[in-house]
Amino acid sequence: MSVVYNCRHCGHVIGEINEKVVDTTILGWNKLSDKEKKEMIQYKSNGDVHIQAICENCEETLGTHPEYHELDYFIQ
């Protein structure tokens with residue numbers, strides 16, 4: 001099983017955890033609301049879990065251009 005973190009804006013793979021057992025409380029998933037979990041976490045048929053997050057470059061861009069927060073995607 002892999003937990004793969006992807007940037008929701010540019011698609012870049014931010015990181016990956018390859019472990020048989022992962023404590024999701026250490027990853028902070030227990031702090032997410034049900035709505036946030038539904039929006040951010042995708043369970044794949046092969047057992048992998050993909051997390052939609054924001055990479056450092058897109059975070060910096062959002063800080064420089066706060067109006068981009070209104071968009072689902074700002075990098076094509």
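Within any chain, residue numbers begin from 1 and follow the written order of that chain's sequence. Confidence filtering applies because this is a predicted model: local features only for residues at pLDDT of at least 70, side-chain atom pairs given and counted only at 80 or more, and all residues used for totals across whole chains, interfaces and linings. Hydrogen atoms and water are omitted, and side-chain values are computed over all heavy atoms in the structure.

Novice: Help me understand the overall build of the protein, please; the structure alone is not making it clear to me.
Specialist: For the protein, the count of helices and strands is two helices and four strands. A run of DSSP states H or I qualifies as a helix once it reaches four residues; a run of E qualifies as a strand once it reaches two. Both are numbered from the N-terminal end. Each helix (α) and strand (β) of the protein, taken in turn from the N terminus, gives the series β-β-α-β-β-α. For the protein, the C-alpha atoms occupy an extent of roughly 40 × 25 × 20 Å along the three principal directions. Across the 76 residues in the protein, those meeting the buried criterion constitute 26%. Within the protein, counting contacts between residues at least 6 apart in sequence, those at least 24 apart form 43% of the total. Buried means the residue's accessible area, taken with a 1.4 Å probe over protein chains only, is under 20% of the maximum for its type, while exposed means over 50%, and partly exposed covers the values in between. The contact definition used throughout considers only heavy atoms, calling two residues in contact when any of these lie within 4.5 Å.

Novice: Just checking my understanding: could you explain the side chain of D48 for this structure?
Specialist: You can see D48 is positioned in the loop between β3 (41-43) and β4 (49-53). There is no salt bridge for the buried D48, and the closest opposite charge comes from K44, which lies 8.9 Å off by N-O distance. Leaving out residues up to four positions away in the same chain, D48 has contacts with M1, S2, Q42 and Y43. Positive: Lys, Arg. Negative: Asp, Glu. His and the chain ends are not part of the count. Put simply, a salt bridge is a Lys or Arg side-chain nitrogen that is within 4 Å of an Asp or Glu carboxyl oxygen.

Novice: Please explain the side chain of Q52 as it appears in this structure.
Specialist: Its place among the elements puts Q52 in strand β4. Dropping the residues within four chain positions of it, Q52 is found in contact with N6, C7, R8, E39, M40 and Q42.

Novice: For this particular structure, what's the right way to read the pairing of strand β1 (residues 2-7)?
Specialist: For a regular strand, side-chain orientation follows a simple rule: the groups alternate between the two sheet faces. When you tally the buried positions in β1, you get six out of six residues, the bulk of the element. Here the rule is simple: two strands pair whenever DSSP picks up at least two bridges between them. Bridge count for β1 against strand β2 (residues 13-18) is five bridges, and the pairing is antiparallel. The residue bridging N6 from the neighbouring strand is V13, located in β2. Counting the residues that bridge the hairpin from β1 to β2 gives five residues, and of these G11 lies at a positive phi of roughly 85°. Where β1 meets β4, five bridges bridge the pair, whose relative direction is parallel. By the bridge assignment, N6 is partnered in β4 with Q52.

Novice: Sorry if this is basic, but what is going on with the sheet that holds β1 here?
Specialist: Working definition: the strands of a sheet are paired by backbone hydrogen bonds and lie parallel or antiparallel to each other. Read from one edge to the other, the open sheet built from four strands follows the order β2-β1-β4-β3, with strand pairing classed as mixed. Single-partner strands in this sheet number two, and they are β2 and β3. Ignoring which end each strand starts from, the neighbouring axes of this sheet average 15° apart. Interaxial angle, 0 to 180 degrees, is taken between N-to-C directions of lines fitted to C-alpha atoms, where a helix line uses only the stretch in contact.

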